[in-house]
Every structure is written in C-alpha cells, then in structure tokens.
Amino acid sequence: MTDIGLTSELTAPLPPSGQIPLIGFGTWQLRGDEARQAVSWALEAGYRHIDTATGYGNEQQVGAALADSGVPRDQVFVTTKLPPDHVGRERRTLRESLDNLGVDYLDLWLIHWPPNGTPGEDSWKVFVEAQGEGLVRNIGVSNYSLDQIDTLTNATGVTPAVNQIKWSPFLFDRSLLDASRKRGVVVEGYSPFRAAKLDHPELTQIAEKYGKTVPQVIMRWHVQRGIVVIPKSAQRERIESNIDIFDFELSADELNAVDHLTEA
Ligand SMILES: NC(=O)c1ccc[n+]([C@@H]2O[C@H](COP(=O)([O-])OP(=O)(O)OC[C@H]3O[C@@H](n4cnc5c(N)ncnc54)[C@H](OP(=O)(O)O)[C@@H]3O)[C@@H](O)[C@H]2O)c1
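Residues numbered from 1 in each chain as written. Predicted model: local features only at pLDDT ≥ 70, side-chain atom pairs only at ≥ 80, totals over all residues. Heavy atoms only, no water.

Volume-wise, the largest pocket comes out at about 620 Å³. Per-element tally for the lining of the largest pocket: the top contributor is helix 9 (residues 236-242), with three residues. Each residue belonging to the lining of the largest pocket can be placed in one class, and the counts come to 11 nonpolar, 13 polar and five charged. (1 Å grid on protein atoms, 1.4 Å probe; cavity = no way out; pocket = protein on both sides within 12 Å on 5 of 7 lines; lining within 4 Å. Points joined across faces, edges and corners; volume = space filled by probe spheres on them. Helix = DSSP H or I, 4+ residues; strand = E, 2+ residues; numbered from the N terminus. Nonpolar A, V, L, I, M, F, W, Y, C, P; charged D, E, K, R; others polar.)

Laid out in structure tokens, this is it:
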C-alpha cells in the first residue's frame, strides 16, 4: 500500500488551517456495487481522499466502502457537491449527503456548477453558515471563473478554498493557477486523463524513460506542480497503478515540457 497520508508533503494547504491530499479518487460514473468496490480498492491502495457529488448518485456506496474499510474517519478527506438545481434547498441536500455518506461532517463541500450561470451568493451564504456550524470543514466551488469567485468573496468575506476545474497537461494555465493561488484558492483538477491525449509522443517518451505509464506521468506532474488530482477508474489494476508514482521524479525540464503540451 502506498501511504499518501494527510500530513505529508503530498497535501496542499487549505486556508485557514486545513490540508487537502493532492491525490484523490474520482467517482463520477461509478454506480451501485461498482462504486462501492472501486472505492474499497482505492482505500486499500492508499487513497485517502474521495471525490463524490450528490449528482453522481453514489454517496451511499462511497459511505459503505468508507465504513467497511476500517480507515478512521479523520484519515480520509471526503468531498461532495451541491447540484446547481438544488439552490434553495442547500441544508436538506447537505443533510442527505451526510446521511448517505454515513459521516457527521464533510471535509469539503463544493457548489458543483455556478447555478444558472450566476455565482450563487445565497447558496454560498448557506455554505459559510454550515462551515461555521462544523458540518463541513472546508467549502469551495467547481467550474467557477475568477470573477464568480470574487463575487462570492465580496458578498460574504469568505473566499472559496478550492475551485475544482477540468485540468490536464493540455489545459495547463499558469496565469489562472497564479491568480487562483493569489486569492488563496487551491486548484483541484478533474478529468486528468479524459482531458489528455494518452498516446502523446512526448508523454510516451517520458513514461518510457522512467518505465512508467503515461497516466502515471500525468499524476506525477500534478503532484510536483502542487495541483490536486482526482483520477477515476473502475479497474483495480488502474486504481493501484495511478497512485504508484513515488519511485520517480520529473526533472524541471520535463515539468516545463509537460506544461506546454498541445494536442497537435
Ligand atoms: N466538478 C466537476 O464538474 C467534475 C467533472 C468531471 C469529473 N469530476 C471528478 O473528477 C474525477 C475524474 O475525472 P473523470 O472521471 O472525468 O476522468 P479521468 O479520471 O480523467 O478519466 C477516467 C477515464 O480514464 C480511464 N482510466 C483510468 N485510469 C486509467 C489508466 N491508468 N489508463 C488508461 N485509462 C484509464 C477510466 O476507465 P476505467 O474506469 O475503465 O479504468 C475512465 O474512462 C471524476 O470521477 C469526478 O470525481 C468532476
């Protein structure tokens, strides 16, 4: 098992005082027993951060896998998300998420998408209250622009701790990363493989050099760049291999090359 722990250097600081493991396990499109099985394998393999959402319809299975794993609650970072069409029923949705997951707090609750394209200030106010009550340790957003994030900050004085956005070597955006960090917003990347070209020659070359796979190079690049990454797989071998990235290190030149990959 790979111990990625919650306190090693493999976390990003979450304002004001928390930590988020840089590697999480994504669960979109995992349903029913497949979801429970995959999350169980992920916990066995050493993942200590699970990403789900009300909209994924698998919170109960994620909760069952957590309960069966024997991993103490405070050793796993659990994220779920408010669907944009649940605006106005945030509290009920949160209660359902907690019940489904079988936990009494979330590590991270995200607004899944800007509701109707708006920043959703009213929802954000409920998020801030829920955090104040200890029901959620950290609060953030997903698929938000910086302007939308600034609107939430201006409305409440509380900046989202995380923005979960589509990210990969082919979507690397230094200015967005810097502007997010300047605001204290951790960038959490999703679809690291779906948003990449897994047979790209440069990635293949790097992977061959280290005797690793392209997905492992992509994972390693995220971690060395300090970007949270949450790959999904339904297959045990892939779940294990995607986290088996601690026996090699990309050079500064390789990191820079991966930053600037294009699909062409
Ligand atoms: N906030 C949002 O709006 C949002 C949107 C999308 C995703 N997400 C989150 O981010 C997570 C990850 O994103 P994602 O699920 O879109 O895509 P992803 O993790 O980039 O890719 C998943 C796909 O890659 C395959 N795969 C996994 N490991 C592989 C490997 N080693 N080699 C080759 N193929 C591999 C999987 O197939 P198998 O399952 O067959 O292995 C699956 O088809 C989601 O599960 C979800 O938690 C959030």
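Turning our attention to the site of the ligand. Around the ligand sit 25 residues in total, of which Asp 51, Ser 191, Phe 193, Lys 232 and Ser 233 are the nearest. Within the backbone of Phe 193, an N or O atom sits 2.7 Å from an oxygen atom of the ligand. One of the side-chain nitrogen or oxygen atoms of Ser 233 is found 2.5 Å away from an oxygen atom of the ligand. Contact with the protein chains covers 86% of the free accessible surface of the ligand, which is 900 Å². (Near = heavy atom within 4 Å. Polar contact = N/O pair within 3.5 Å; in protein donor to acceptor, adjacent residues only side chain to side chain. Areas by Shrake-Rupley, 256 points an atom, 1.4 Å probe, with all protein chains shown as cover.)

The UniProt feature table records "domain: NADP-dependent oxidoreductase" (unreviewed entry) at residues 23-261. The span residues 23-261 shows a helical share of 44% and a strand share of 15%, and its end C-alpha atoms are spaced 22 Å apart. (UniProt positions renumbered as here; feature names shortened; annotations may be inferred.)

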